[in-house]
Amino acid sequence: MLKRLVPALCLVLLAAPAWPQSQAEAAGVAPQPSTPATADAPDSVAEKVIVPGQRPGPGLWKISKGEHVLWVFGLYAPLPKGLTWRSHQVEAILAQSQEYLLSPSISAQVGFFRALTLLPFAIGAKKNPDGAQLRELLSADVYARWQALKAKYIGNDDGIERERPVFVSEQLFRRGLAVAGLTSGQEVREAIDQMVKKNKIKVTPSHIELAFDDPAKLLKEFKKTPLDDIACFAKTLERLETDLDAMRVRANAWATGNVAVIEALSYADRGDACAGVLFNSAFMNPQPGLPSMEQRMRATWLATAEKSLATNASTFATLQMKDILEPGGYVAALAAKGYLVEKPD
């Protein structure tokens, strides 16, 4: 969601990557890992990703009532570098579907020319207020862990020490994924988009719009407001220190379509610690619609899905794997409404 909010605040130049899986993915945006700055990153990390080549990903969840079917494909990131995704099942279903439901998302349109006028206010927005540096904001043990991971994944960069922890953690995380041989999986979405265009399928977004009364004022407030982002920063360090192997297992399970392994895995991630950094901060409190944002996004997608199920013989949709598998997720909500849910074999 940060990826959606930042452009809305005209912070595009900050290039803040999206939260993997639970938050940014739910907004339909994936992180874009870049090549690590250090040339001497350990090769042993990347060698543990074992599924390059063409892979099908998971099968489709079938949600139906009578003769009307909604086919749901589960998205996941990060995925193994070198993966070529191709699912003959997805191709066949899309060829016979009347509508494609996009994943739930958030949008906030400021306007191109309005954004240009706001760019001067965005300068310096990545920096900590009052010129504070990370060593002043972090505890000694967290700072020492940061220094170790910085040397491993980023290298010498004195400037980053003056940036807000939430932005530093994003850069560190995407660098770590790249070294680990993991990518955003954006090619999966692009392949689906190409199939949809080829078959001339109706595309239906499922998004809510956020309105900002005074973006310039919001940016000014953001630049001078400290953020409660230390927990997000620490969780990022923890994931890179302890969870890379688990991320590879999840990525490989998705790539090979191993539903049993997929269901057994935990999809908790740093999103819970990081997503609220902006949304729960003092400078965002006056903004309308934020408290009910998650509920509105969920309700919008469910209403769109039910409408499509009632109208079409076949509808295709994408959801994040987390939203499919969680007991209280989107698929579970449709099951509670009486729709028949069948998981892939």
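Analysis parameters
Residues numbered from 1 in each chain as written. Predicted model: local features only at pLDDT ≥ 70, side-chain atom pairs only at ≥ 80, totals over all residues. Heavy atoms only, no water. Helix = DSSP H or I, 4+ residues; strand = E, 2+ residues; numbered from the N terminus. Buried < 20%, exposed > 50% of the residue type's maximum accessible area, 1.4 Å probe, protein only. Contact = heavy atoms within 4.5 Å. Areas by Shrake-Rupley, 256 points an atom, 1.4 Å probe, with all protein chains shown as cover. Disulfide = S-S within 2.5 Å. Salt bridge = Lys/Arg side-chain N within 4 Å of Asp/Glu carboxyl O. Axes fitted to C-alpha atoms, helices over the stretch in contact; angles between N-to-C directions. Parallel < 35°, antiparallel > 145°, perpendicular 65-115°, else oblique. Left-handed = near helix turned anticlockwise from the far one by under 90°. Nonpolar A, V, L, I, M, F, W, Y, C, P; charged D, E, K, R; others polar. Phe/Tyr/Trp six-rings, centres within 6.5 Å; stacked < 30°, edge-to-face > 60°. Core = buried A, V, L, I, M, F, W, Y, C linked by side-chain atoms within 4.5 Å. Pairing = 2+ DSSP bridges. Expected span 1.5 Å × (residues − 1). Arc of directions from axis to C-beta.

Asker: Lay out the overall build of the protein chain with the relevant residues and their values.
Answerer: Secondary structure summary: the protein chain contains 16 helices and 10 strands in total. Within the protein chain, the proportion of its 345 residues that are buried is 54%. Contacts spanning at least 24 positions in sequence make up 85% of the contacts within the protein chain whose residues lie at least 6 apart. As displayed, the protein chain has an accessible area near 15100 Å², and 53% of this comes from carbon and sulfur atoms.

Asker: Talk me through the environment of Lys 198; I want residue IDs and the actual numbers.
Answerer: With respect to the secondary-structure elements, Lys 198 resides in helix α8 (residues 186-198). Given a relative accessible area of 71%, Lys 198 falls into the exposed group. Placed 104 residues apart in sequence, Lys 198 and Leu 94 show a C-alpha to C-alpha distance of 9.7 Å.

Asker: Got a sec to walk through the state of the cysteines? Specific residues and values, please.
Answerer: Per the counting criterion, the structure on display carries one disulfide. Disulfide pairing places Cys 232 opposite Cys 274 at an S-S distance of 2.1 Å. Residues Cys 232 and Cys 274 are joined through a disulfide that is right-handed, its torsion about the S-S bond being 90°. Of this pair, Cys 232 sits in helix α10 (residues 230-242) while Cys 274 sits in helix α13 (residues 271-279); the two residues are 42 residues apart in sequence, bridging distant segments of the chain.

Asker: Hey, could you go over the pattern of salt bridges for me, with residue numbers and the actual values?
Answerer: Scanning the model with the defined rule gives 11 salt bridges in all. Here Asp 243 and Arg 239 are joined by a salt bridge, their closest N and O atoms 2.7 Å apart. In this pair, the class of Asp 243 matches that of Arg 239, namely buried. Arg 250 is the partner of Asp 243 in a salt bridge, and the nearest nitrogen-oxygen pair spans 3.3 Å. Within the structure, one salt-bridge network assembled from shared partners comprises Arg 239, Asp 243 and Arg 250.

Asker: So what's going on with the packing of helix α7 (residues 165-179) against α10? Residues and values would help.
Answerer: Axis separation between α7 and α10 bottoms out at 8 Å; the angle between their running directions is 15°. Taken together, the axes of α7 and α10 lie roughly parallel to each other. Handedness of the crossing formed by α7 with α10: left-handed. Note on element contacts: α10 touches α7 through Ile 230, Cys 232, Phe 233, Thr 236, Leu 237, Arg 239 and Leu 240, opposite Pro 165, Val 166, Val 168, Ser 169, Leu 172, Phe 173 and Gly 176. Counted by class, the contact of α7 with α10 contains 10 nonpolar, three polar and one charged residues.

Asker: An account of the packing of aromatic side chains is needed here, citing residue identities and associated values.
Answerer: Overall, the coordinates contain six aromatic pairs when judged by the stated rule. Measuring from ring centre to ring centre gives 5.3 Å for Phe 73 and Trp 85, while their planes differ by 50°; the resulting arrangement is tilted. Within this pair, whereas Phe 73 is found in strand β3 (residues 68-75), its partner Trp 85 is found in strand β5 (residues 83-85), the two being separated by 12 residues in sequence. Taken individually, Phe 73 and Trp 85 each receive the classification buried, so the pair is uniform in this respect. Aromatic pair Trp 301 and Tyr 330: ring centres 5.5 Å apart, planes at 65°, arrangement edge-to-face.

Asker: How would you sum up the nonpolar core? Please name residues and give values.
Answerer: In this structure, Leu 70, Phe 73, Ile 192, Trp 254, Trp 301 and Phe 316 are the most contacted members of the largest nonpolar core, which totals 46 residues. Apart from the residues within four sequence positions on either side, Ile 192 is in contact with Phe 73, Trp 85, Leu 94, Tyr 100, Phe 316 and Thr 318.

Asker: How would you sum up the pairing of β3? Please name residues and give values.
Answerer: For β3, a buried count of seven out of eight residues is recorded, marking the element as mostly surrounded by other parts of the structure. Across five bridges, the pairing between strand β2 (residues 61-65) and β3 is antiparallel. Bridge pairing in β3 places Lys 65 opposite His 68. From the end of β2 to the start of β3, which pair antiparallel, there are two residues, and Gly 66 there has a positive phi angle of about 65°. Here seven bridges tie β3 to strand β9 (residues 314-320), and the two strands are oriented parallel to one another. Looking at β9, one finds that Leu 75 is bridged to Gln 320.

Asker: Run through helix α11 (residues 244-256), naming residues and quoting values.
Answerer: Helix length check: α11, at 13 residues, gives a terminal C-alpha distance of 18 Å against a target of 18 Å (1.5 Å per residue), a fit within 8%. Residues of α11 that are buried: Leu 244, Met 247, Arg 248, Arg 250, Ala 251, Asn 252, Ala 253, Trp 254 and Ala 255. Two residues or fewer past α11, Gly 257 is found with a positive phi of approximately 70°.

Asker: Let's hear about α8: which residues, and what values?
Answerer: When the terminal C-alpha atoms of α8 are compared, their 19 Å separation across 13 residues agrees well with the 18 Å that a helix rising 1.5 Å per residue should span. What α8 keeps buried is the set Val 188, Arg 189, Ile 192, Met 195 and Val 196. The arc that holds the buried residues of α8, viewed along the axis, is 120°, so those residues lie on one side. In α8, the exposed positions angled more than 90 degrees off the buried face are occupied by Gln 194, Lys 197 and Lys 198. At the C-terminal side of α8, Lys 200 shows a positive phi close to 55°.

Asker: Give me unusual backbone geometry: which residues, what numbers.
Answerer: For the bond running from Ala 77 to Pro 78, omega is 5°, close enough to zero to count as cis. Relative to the helices and strands, Pro 78 is located in the loop between β3 and β4 (79-80). One non-glycine residue, Asp 130, adopts positive backbone phi at about 60°. With respect to the helices and strands, the residue Asp 130 is situated in the loop between α4 (112-122) and α5 (134-137). One non-glycine residue, Lys 200, lies in positive phi territory at about 55°. With respect to the secondary-structure elements, Lys 200 resides in the loop between α8 and β8 (202-209). On the basis of relative accessible area, Lys 200 is assigned to the exposed category, the value being 77%.

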